[in-house]
Amino acid sequence: MPEIFIDGKSIQAERDQTVMQAALAHNVPIPYFCYHPSLSIAGNCRICAVQVEGRSWVEIACNMPVSEGLRVLTDSEQVRAYRKELMQLVTLNHPVDCGICDKAGECTLQDYHYQYNGSPSVSNEPKVRSTKFHPLSERIVLDNERCILCSRCVRFTKEISKSNALGITQRGDTSLVRAAEDHPLDDDPYSDNVIDICPVGALLSRPFLYKARVWYLKPTPSVCPGCARGCTIQIWHRKSEWKLNALDPRKNVSIERITPLENPAVNGPWICNKGRDLAQIFERPRAEQAMQKGKSVDLPAAIAAAGRLIGDAKRPVALVSSWGSNEELAAFKQALGGRFAAFVKEDWVPQPGERLDDDLLIRADKNPNTAAARALFPALADAAFTLDDATDLVLIWGEGFDFSRLPARARTIVLDAYAQPEHQGADVFIPVSIQTERRGHYTNFQGVVSAFEPCFPKKPTVADAETLFAAMVATGVPA
Ligand code: SF4
Ligand code: SF4
């Protein structure tokens, strides 16, 4: 472990680290645009330059290997003067349109300008104009005037998603990031990570474009239920102090965007585009009214009716949700596991055109908690799946069940969060909460347990499955 000195402070570095890596590992701030811990070193932005003690020039820290006794300065007069000039260069052609830029509030160019430059441009030349709103893909637009040519996006598609979908054409101040004609960015299911890693507001998400200022939003840690990987994510929604009372109050309980939350044990710093589109799953029309044979009843009456059906049943079968949390699954097992023959069903199957699986993140199982569910109950073998005619009660928890498979004389208890016409025919239908309304955990295919937190309130007419099963037993099932 080589000992190096940063600004006179002793640091034990790893043998194969760069000065940048050693500094960041010890919370020593060094600015960077093109450096990214998960990408190869490009060394093109030059802002990370430091001064080796005794030398009269500066050198980039991202590509400087550590060596025993190395002494560097990150804040010498020479480094400060260099960074100021470099920021003048980087902002030379950059538009001053932070007021309308989606990256404002999260932009390192903006932050570094105030930290390391702070002066107006010294140039009298007009800025070089370039393409605005260039359509890189169905999901991403590019503002070439804001691009500082760090090449992070290009390296991401080459090294991480391996789509090779982006490149840089031309030279100097006419350089342009462009999509490769034979590798469309639309075909890259990880494309939107380039929006996060773009250090400026050049790469913009079409769904999020001009939708919200980030300082009005709050991220809630969560888990993507889109497949068995269970990527750690942040669900961004409006802060309560910025609640809208008159102007479109639905936005107070809407998902504004989803970004990855770095988790080395699960997804690193990335997620796939399906994870970004979770609003399309979570914000489908909800089921919010308990029913008996299609007739609205209040929630306690529906719970008691379900309990009575369970108490009367001789051969009950339960189809357990692979979207249930660890806590909900355990609650089901404890309250009703002894009364039902329970099987785990697949709530979601791959959709047409969806990538099935790959070597990066995406898994073929499109459910978040199959591992935990199958640790408690056997899987429902789908192809051979038939419910015995002697089955007199079927409890269907979650989505993905083909109601035409129900035995003719079986009674039904259905628990679902989303509205479906089949709910009308259930003997008892109970609406349940979704992940964004409760706290819980999922266990991914590798056995890693991840937590999710609530971001929105649950309606009082909707049940929480974690307490529902015990309530059925308490109110309806004879002891
Ligand atoms: S678009 Fe963004 S990530 Fe890509 S090169 Fe330009 S500044 Fe870097
Ligand atoms: S890889 Fe799976 S869990 Fe991760 S973001 Fe994509 S769908 Fe969600």
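Residues numbered from 1 in each chain as written. Chains lettered and ligands numbered in written order. Predicted model: local features only at pLDDT ≥ 70, side-chain atom pairs only at ≥ 80, totals over all residues. Heavy atoms only, no water.

Novice: Talk me through helix α4 (residues 152–160); I want residue IDs and the actual numbers.
Specialist: Of all nine residues that make up α4, seven are buried, and the element is covered over most of its length. Of the residues making up α4, those classed as buried are Arg 152, Cys 153, Val 154, Arg 155, Phe 156, Thr 157 and Ile 160. Two residues or fewer after α4 comes Lys 162, characterised by a positive phi angle close to 60°. (Buried < 20%, exposed > 50% of the residue type's maximum accessible area, 1.4 Å probe, protein only. Helix = DSSP H or I, 4+ residues; strand = E, 2+ residues; numbered from the N terminus.)

Novice: How would you explain the site of ligand 2 if you had to name every residue and give the values?
Specialist: Lining the immediate environment of ligand 2, one finds Cys 224, Gly 226, Cys 227, Arg 229, Gly 230, Cys 231, Ile 271, Cys 272, Lys 274, Gly 275, Leu 361 and Ile 362. Of the residues contributing to the shell around ligand 2, the split by class is seven nonpolar, three polar and two charged. (Near = heavy atom within 4 Å. Nonpolar A, V, L, I, M, F, W, Y, C, P; charged D, E, K, R; others polar.)

Novice: Could you give an account of the pattern of salt bridges, naming the residues involved and the relevant values?
Specialist: With the rule as written, the count across this model stands at 28 salt bridges. Among the ionic pairs, Glu 106 bridges to Arg 257, the shortest N-O distance being 2.5 Å. With a gap of 151 residues between them, Glu 106 in the loop between α2 (77–90) and α3 (108–117) and Arg 257 in strand β13 (residues 257–260) connect regions that are remote in the sequence. When its relative accessible area of 31% is taken as the criterion, Glu 106 is described as partly exposed. Where Lys 293 meets Asp 427, a salt bridge forms, and the shortest distance between an N and an O atom there is 4.0 Å. A residue pair is termed long-range when its members are at least 10 positions apart, and Lys 293 in the loop between β14 (291–292) and β15 (295–296) and Asp 427 in the loop between β19 (411–416) and β20 (428–431) qualify at 134 residues. Connected via shared salt-bridge partners are Asp 97, Arg 129, Lys 132, Asp 143, Glu 145 and Arg 146. (Salt bridge = Lys/Arg side-chain N within 4 Å of Asp/Glu carboxyl O.)

Novice: I'd like a rundown of the nonpolar core, residues and numbers included.
Specialist: Counting 91 residues, the largest nonpolar core has Phe 332, Ile 413, Leu 415, Ile 430, Phe 469 and Met 472 as its most contacted members. Broken down by element, this core gets its largest block of residues, seven residues, from helix α8 (residues 299–312). Among residues more than four places away in sequence, those in contact with Phe 332 are Ala 318, Val 320, Gly 337, Phe 340, Ala 342, Phe 377, Leu 395, Trp 397 and Phe 469. Counting 21 residues, the second-largest nonpolar core is a separate cluster that includes Ile 4, Ile 6, Val 50 and Met 64. (Core = buried A, V, L, I, M, F, W, Y, C linked by side-chain atoms within 4.5 Å. Contact = heavy atoms within 4.5 Å.)

Novice: For the sheet that holds strand β6 (residues 134–135), give the residues involved together with the corresponding values.
Specialist: In space, the three strands of this open sheet follow the order β6-β7-β10, with antiparallel pairing throughout. With one partner strand each, in any of the chains shown, β6 and β10 (203–205) form the two edges of the open sheet. As paired elements, β6 and strand β7 (residues 140–142) share two bridges and run antiparallel to each other. In the sheet register, His 134 faces β7, and the bridge partner there is Leu 142. (Pairing = 2+ DSSP bridges.)

Novice: Could you give me a rundown of the packing of aromatic side chains, with the residues and numbers involved?
Specialist: Enumeration according to the criterion identifies 14 aromatic pairs in this entry. Ring geometry for Phe 332 versus Trp 397: centroids 6.0 Å apart, planes at 35°, classification tilted. Of the two residues, Phe 332 sits in helix α9 (residues 326–336) while Trp 397 sits in strand β18 (residues 393–397), which places them 65 residues apart along the sequence. On the basis of relative accessible area, Phe 332 is assigned to the buried category, the value being 0%. Aromatic rings pair up to connect Phe 332, Phe 340, Phe 377, Trp 397 and Phe 469 into one cluster. Of note, Arg 83 hangs over the ring of Tyr 116, and the distance from its end group to the ring centre comes to 5.1 Å. Across the ring face of Tyr 418, the terminal group of Arg 284 is positioned such that the distance to the ring centre comes to 3.9 Å. (Phe/Tyr/Trp six-rings, centres within 6.5 Å; stacked < 30°, edge-to-face > 60°. Lys NZ or Arg CZ within 6 Å of the ring centre and 35° of its normal.)

Novice: How would you sum up the site of ligand 1? Please name residues and give values.
Specialist: Around ligand 1 sit Cys 147, Ile 148, Leu 149, Cys 150, Ser 151, Cys 153, Val 177, Cys 198, Pro 199, Val 200, Ala 202 and Leu 203, and those are all the residues in its vicinity. Taken together, the residues of the shell around ligand 1 sort by class into eleven nonpolar, one polar and no charged.

Novice: Hey, could you go over the packing of α9 against helix α11 (residues 465–475) for me, with residue numbers and the actual values?
Specialist: Closest axis-to-axis distance for the α9/α11 pair is 8 Å, and the angle between their directions is 10°. Judged by the angle between their axes, α9 and α11 are roughly parallel. Contact residues: Glu 327, Glu 328, Ala 331, Phe 332, Ala 335 and Leu 336 in α9; Ala 465, Glu 466, Phe 469, Ala 470, Met 472 and Val 473 in α11. Tallied by class, residues from the contact of α9 with α11 come to nine nonpolar, no polar and three charged. (Axes fitted to C-alpha atoms, helices over the stretch in contact; angles between N-to-C directions. Parallel < 35°, antiparallel > 145°, perpendicular 65-115°, else oblique.)

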